[in-house]
Amino acid sequence: MRRRTPDTLGAPSGGAAPTARVLVSACLLGGRVRFDGRAKTVCDTILDRWRAEGRVVAHCPEVAGGLPVPRPPAEIEPGGSAEDVLAGAARILTPEGADVTAYFVTGARAALETARGRGVRTAVLKESSPSCGLLRVYDGTFSGRTAPGPGVTTQLLRDHGIAVFAETDLAGADAHLRAQDG
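Residues numbered from 1 in each chain as written. Predicted model: local features only at pLDDT ≥ 70, side-chain atom pairs only at ≥ 80, totals over all residues. Heavy atoms only, no water.

*Asks:* I'd like to hear about the environment of Ala-89, residue by residue, with values.
*Replies:* For Ala-89, the position within the fold is in the loop between α3 (82–86) and β4 (92–93). With near-sequence residues (within four places) excluded, Ala-89 lies in contact with Glu-77 and Asp-84. (Helix = DSSP H or I, 4+ residues; strand = E, 2+ residues; numbered from the N terminus. Contact = heavy atoms within 4.5 Å.)

*Asks:* Describe the layout of surface pockets, listing the residues and the values that go with them.
*Replies:* When its volume is computed, the largest pocket comes out at roughly 410 Å³. Of the residues in the lining of the largest pocket, the class split is 14 nonpolar, five polar and seven charged. (1 Å grid on protein atoms, 1.4 Å probe; cavity = no way out; pocket = protein on both sides within 12 Å on 5 of 7 lines; lining within 4 Å. Points joined across faces, edges and corners; volume = space filled by probe spheres on them. Nonpolar A, V, L, I, M, F, W, Y, C, P; charged D, E, K, R; others polar.)

*Asks:* Give me the pattern of salt bridges: which residues, what numbers.
*Replies:* Scanning all chains against the criterion turns up 12 salt bridges. Linking Asp-139 and Arg-145 is a salt bridge whose minimum nitrogen-to-oxygen distance equals 3.4 Å. A residue is classified by how much of its surface remains accessible, and Asp-139, at 17% relative accessible area, is buried. Note on Arg-145: relative accessible area 51%, which makes it exposed. Each of the salt bridges in this network shares a partner with another, and the network as a whole consists of Arg-49, Glu-53, Arg-55, Asp-174, Arg-178 and Asp-181. (Salt bridge = Lys/Arg side-chain N within 4 Å of Asp/Glu carboxyl O. Buried < 20%, exposed > 50% of the residue type's maximum accessible area, 1.4 Å probe, protein only.)

*Asks:* Break down the sheet that holds strand β2 (residues 56–59) for me, with residues and values.
*Replies:* By definition, the strands of a sheet pair up through backbone hydrogen bonds, in either a parallel or an antiparallel sense. Judged by pairing direction, the sheet is parallel, and its four strands sit side by side in the order β2-β1-β5-β8 without closing on themselves. Looking at strand neighbours, the two that pair on one side only are β2 and β8 (163–166), the edges of this open sheet. Strand-to-strand, the axes of this sheet are offset by a mean angle of 25°, without reference to chain direction. Both strand β5 (residues 120–125) and β8 contribute to a ladder of four bridges, which runs parallel. Across the sheet, the residue bridging to Ala-123 is Val-164, located in β8. On top of the sheet, helix α4 (residues 101–118) reaches β1 (21–25), β2 and β5; it is set at about 165° to β2, its chief contact. (Pairing = 2+ DSSP bridges. Axes fitted to C-alpha atoms, helices over the stretch in contact; angles between N-to-C directions.)

*Asks:* Describe the nonpolar core, with residues and values.
*Replies:* With 28 residues, the main nonpolar core has Leu-23, Val-85, Ile-92, Ala-123, Val-152 and Leu-157 as its most contacted residues. Among the elements that make up this core, the one with the highest residue count is α4 (six residues). Non-local contacts of Leu-23, meaning those with residues more than four positions away in its chain, are made with Val-57, His-59, Ala-111, Thr-114, Val-120, Thr-122, Ala-123, Val-124 and Leu-157. Counting 19 residues, the second-largest nonpolar core is a separate cluster that includes Val-24, Val-33, Cys-60 and Leu-170. (Core = buried A, V, L, I, M, F, W, Y, C linked by side-chain atoms within 4.5 Å.)

Printed below as a string of structure tokens:
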């Protein structure tokens, strides 16, 4: 049996793939790519159907940006936003104060390049992540509290017209994806 890696987690089971594809955080598909070396696997019939249809494009921006697994946690510095990070006005730091901003920005750009190259106009990303959060991200204090706002990858994808959904709104993502099929 072939081992499933983040690049093969969304591979189609056969047949012609539909035009509209969806970028999905690799950790949601079972990829052990999170900072702590774990996955945040989502089991859902919508994801199962997307996989069978060949729609899923698995991606982890943090790994694509060059960060190892495992790695120290990282958060956007207090008072900063994803938009600030992309503009060079805020940083993403580890609890020890190491600046890992460049990895996150590189990973966000890699996600955008992957999306463009695969015809993706819909994404489902992991809520609260400094890369993938949609509605909230950790607040930069490493206390477990969150602040409103998107992560860096989410911000960049949205800035380029890609609709982003959290893993809790697969039905909304599915409706958007199906509308693209025309």
